[in-house]
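# Working through the structure, step by step
If you want the building blocks of each chain, they are given just below.
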Amino acid sequence: MFLTISTTGSPERPATDLGFLLHKHPDNAQAFSTSYGKAHVLYPEASAERCTAALLLEVDAVALVRRGKGKGRGGAPDAALAQYVNDRPYAASSLLAVALSSVFSSAMKGTCHARPELPARPLPLRIEVPALPARGGAGLVRALFEPLGWTVAAEPVALDPQFPEWGDSRYVSLVLEGEQRLADALRHLYVLLPVLDDAKHYWVAGDEVDKLLRAGEGWLPDHPEQKLITSRYLSRRWSLTRQAMERLELVRLAETDDSAVEEIDNAVDERTDTEEKPVPLAVRRRDAIVAALRAAGAARVLDLGCGQGQLVQELLKDTRFTEIVGVDVSMRALTIAARRLKLERMGERQSARVQLVQGSLAYTDKRLKGYDAAVLSEVVEHLDLPRLPALEYAVFGSARPRTVLVTTPNVEYNVRWESLQAGHVRHGDHRFEWTRAEFRDWADAVAARHGYGVEFVPVGPDDPEVGPPTQMAVFTATTDTTTTTATTRNAKGEKAA
């Protein structure tokens, strides 16, 4: 990725003042290490009449692929496949935006200790990005930048000039011109480059709302494309987008009323707000699982059917869990889990504790052997009943961890969900949901076939009539047998793959 910032000047106000604002001397070529390569800052021209600063981001694509093993620093589970089917396994504009904020952090904040008067002065700026990903084309580029006072030239880049019939790519050659404060210009780019790309190279967490509001201060609350910008910047995460939109509306109202945001948003006195919020069932379930794992003395844990990594994230907070392996058949889920865990930013010691691997629980897998405990949290109900014996053998017969935790919905409790229609399961992907008696019958039979004892633990409020919303079985191995019996093979119904 390559970007240039140019300005013009005069002997009284030399263009080389740009160097003071950027905190980078025009006579020096400098390089800065980033998480995904190296950023170079240099000045192709520097005179009193005209000065140009260039930022070249050299992305280390090989390192991106090598990190993509689902484990360790920068792991992304799909990167190993992406090197074959995708020539761009990263969000280029997001990487460039992060490089801008890192290399030009002081300029973006509008600070210049050497020349304090410079940051407030508008400059005649010309910004060029020769190849910019733009999902929405040149029209969207103009819709985003023109309301901010820029004159926009966005020319689509052909897929191949030799074959015009192939049409245009989703890249544009961008030129922005206008009188702007440099700090404002950098903040425009920081937000809008990844918005145009509609992708980010890292997991978008709650702190991204604060980043957006800081960078969008003074221009985002009144931008006509505010909703699109907010949604794309926050990777279309609805809860974060709603939070950001509410806060932006408060800012707009405060500016209209010439008041501080705190004066507008004063309906609730947090000192007297003592109402307790209900704990979500998903949180109760994770807490119950972690408590059971601690009670079992487990250190090396398998999260089978880990989904988006919520339980893995919780286990990482406790150092007694020295090795945590998340297994899921969905590469998309593992990719989201890697972003949630921020594997690309994780320290070496922490990353050595976690691994994400793709695998099907319907087949035996030698990688799963030798662990202290395995968790099947809200997994069994997603399988067709005829496939349960295969999962049973793969976990209890082949992998044989000392402890196995299985949680599943209690269908009897469904009558307590006001929003759930009678006769419906809780999720459209559930193949079945068991009563407490059905779950106990299945768990007792599994324990008997494989040499385990089993106890049952309610998760969530234990209703005296219909029981808890979630039921958990805690299996504990009572034998050290590692070979399967004829009964086990009959239960599986086929040879282990």
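Scroll up a little and you will see the structure.
By convention here, each chain's residues receive numbers from 1 onward along its written sequence. Since the coordinates come from a predicted model, pLDDT governs what is reported: local features require at least 70, and pairs of side-chain atoms require 80 or more to be given and counted, while whole-chain, interface and lining totals use all residues. For side-chain calculations, the full set of non-hydrogen atoms in the structure is used, while hydrogens and water are omitted.

Moving on: the sheet that holds strand 5 (residues 123-133). Hydrogen bonds between backbone groups are what pair the strands of a sheet, and the pairing can be parallel or antiparallel. The sheet built from 7 strands is open, its strands ordered 2-3-4-1-5-7-6 with antiparallel pairing. The outermost strands of the open sheet, each flanked by one partner alone, are strand 2 (30-34) and strand 6 (151-158). Sheet twist, expressed as the average angle between the axes of neighbouring strands with direction ignored, equals 15°. Alignment of strand 5 against strand 7 (residues 168-180), held across 9 bridges, turns out to be antiparallel. Only strands joined by at least two bridges in the DSSP assignment are considered to pair. Secondary structure follows DSSP: runs of H or I at least 4 residues long count as helices, runs of E at least 2 residues long count as strands, and numbering of each begins at the N terminus. Where helices are involved, their axes are fitted lines through C-alpha atoms of the stretch in contact, as for all axes, and angles between N-to-C directions lie from 0 to 180°.

Within the fold, Asp328 resides in strand 9 (residues 323-328). Buried and unpaired, Asp328 has no salt bridge, with Arg332 as the nearest side chain of opposite charge at 10 Å. We define a polar contact as two N or O atoms separated by no more than 3.5 Å, with the added condition that, inside protein, one atom must be a possible hydrogen donor and the other a possible acceptor, whereas residues neighbouring each other in sequence contribute only through side-chain atom pairs. Of the polar contacts made by the side chain of Asp328, one reaches the backbone nitrogen of Gly307; its length is 2.8 Å. Once residues within four sequence positions are removed from consideration, Asp328 is found in contact with Gly305, Cys306, Gly307, Ala333, Leu334, Val357, Gln358 and Gly359. For the exposure calls, accessible area comes from a 1.4 Å probe over protein chains only, and a residue counts as buried if that area is under 20% of its type's maximum, exposed if over 50%, partly exposed in between. Within this scheme the basic residues Lys and Arg register as positive and the acidic residues Asp and Glu register as negative, but His and the chain ends are omitted. Here, a salt bridge means any Lys or Arg side-chain nitrogen found within 4 Å of an Asp or Glu carboxyl oxygen. Any two residues having at least one pair of non-hydrogen atoms within 4.5 Å are treated as being in contact.

With respect to the helices and strands, Tyr363 occurs in the loop between strand 10 (354-358) and strand 11 (373-377). Here the alpha-carbon distance between Tyr363 and Ala390, two residues 27 residues apart in the chain, equals 6.7 Å.

Turning next to the packing of helix 6 (residues 137-145) against helix 7 (residues 182-197). To characterise two packed helices, one gives the angle between the axes of the helices and the distance between these axes. As a packed pair, helix 6 and helix 7 sit with axes 11 Å apart at the nearest point and diverge in direction by 155°. As the angle between them shows, helix 6 and helix 7 are arranged roughly antiparallel. Regarding helix 6 and helix 7, the two cross each other, and that crossing is right-handed. Of the residues in helix 7, those touching helix 6 at Leu140, Val141, Leu144 and Phe145 are His188, Leu189, Leu192, Val195 and Leu196. For this scheme, ten residues count as nonpolar: Ala, Val, Leu, Ile, Met, Phe, Trp, Tyr, Cys and Pro. Four count as charged, namely Asp, Glu, Lys and Arg, and the remainder, Gly too, count as polar. Residues that form the contact of helix 6 with helix 7 fall into these classes: 8 nonpolar, 1 polar and no charged. By the definition adopted for this analysis, an angle is roughly parallel if under 35 degrees, roughly antiparallel if over 145, roughly perpendicular if from 65 to 115, and oblique otherwise. Helix crossings get a hand from a simple test, with the near helix turned counterclockwise from the far one by less than a right angle marking a left-handed crossing and a clockwise turn marking a right-handed one.

Here, the term nonpolar core denotes a set of buried Ala, Val, Leu, Ile, Met, Phe, Trp, Tyr and Cys residues that are joined through side-chain atoms within 4.5 Å. Core analysis: the largest hydrophobic core is formed by 65 residues, its most contacted members being Phe104, Val141, Phe145, Trp150, Leu174, Leu182 and Val191. Ranked by the residues each element gives to this core, the list is headed by helix 7, at 10 residues. Once residues within four sequence positions are removed from consideration, Val191 is found in contact with Leu212, Ala215, Trp219, Ile229 and Tyr233. Counting 30 residues, the second largest nonpolar core, distinct from the first, contains Leu302, Tyr371, Val379 and Ala447.

As a further point, take the pattern of salt bridges. Oppositely charged side chains may form a pair once their charged atoms are brought near each other. Counted according to the given criterion, the structure contains 25 salt bridges. A salt bridge links Arg232 to Asp198; its shortest N-O distance comes to 3.8 Å. Residue Arg232 is found in helix 9 (residues 226-233), and its partner Asp198 is found in the loop between helix 7 and helix 8 (207-215); the two are separated by 34 residues along the sequence. The class of Asp198 is partly exposed, set by a relative accessible area of 22%. Glu392 is paired through a salt bridge with Arg449; the nearest N and O atoms lie 2.8 Å apart. With Glu392 in helix 16 (residues 388-399) and Arg449 in helix 17 (residues 436-450), this pair connects stretches of sequence that are 57 residues apart. The class for Arg449 is partly exposed, based on a relative accessible area of 26%. One salt-bridge network, in which partners are shared between bridges, spans Asp17, Arg115, Glu117 and Arg121.

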